[in-house]
Amino acid sequence: MMRVLLQKLRLVAHVMLRALVRLIGWLLWPLRALARRWWRFVREGGWIRRTLTVLGTALVAAVLVLAVTVPWPGYLFTPPFRA
């Protein structure tokens, strides 16, 4: 009795894990396509194109990190004081 129950639980866990892996793969597909296109662009270019692409990517990554981590001051979004 207990052995059959454990087998069914293992089967359910296996099916759920496979579904989760498939869902994650489906959600991350655009990032994978973007990374492949970026790598092909870097690989097929000359050294100037490679250098500019890598520097541009680093600049975009730095701007994104700063946009997320630096706190915005609240006074920028408050209306001006009127007496």
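Residues numbered from 1 in each chain as written. Predicted model: local features only at pLDDT ≥ 70, side-chain atom pairs only at ≥ 80, totals over all residues. Heavy atoms only, no water.

Visitor: Explanation requested: a positive patch on the surface in the structure shown.
Guide: A cluster of basic residues, Arg32, Arg36, Arg37, Arg40 and Arg43, forms a positive patch at the surface. On the secondary structure map, Arg43 appears in helix H2 (residues 29-44). (Patch = residues over 30% accessible without salt bridge, like charges linked within 9 Å, V, L, I, M, F, W, Y side chains within 5 Å. Areas by Shrake-Rupley, 256 points an atom, 1.4 Å probe, with all protein chains shown as cover. Salt bridge = Lys/Arg side-chain N within 4 Å of Asp/Glu carboxyl O. Lys, Arg positive; Asp, Glu negative; His and termini not counted. Charge placed at Lys NZ, Arg CZ, Asp CG, Glu CD. Helix = DSSP H or I, 4+ residues; strand = E, 2+ residues; numbered from the N terminus.)

Visitor: For this particular structure, what's the right way to read the confidence of the model for the protein chain?
Guide: Any residue range with low pLDDT should be treated as having predicted coordinates unsuitable for detailed reading. Confidence along the protein chain averages 87 in pLDDT terms, with 89% of residues attaining 70 or more. Mean pLDDT values for the elements of the protein chain range from 89 in H2 up to 92 in helix H1 (residues 2-27). (pLDDT = per-residue confidence, 0-100.)

Visitor: Mind showing me how you'd approach a nonpolar patch on the surface here?
Guide: Where nonpolar side chains cluster on the molecular surface, the patch consists of Leu17, Leu20, Val21, Leu23, Ile24, Trp26, Leu27, Leu28, Leu31 and Leu34 and spans about 1000 Å² of accessible area. Position of Val21 among the secondary structure elements: in helix H1.

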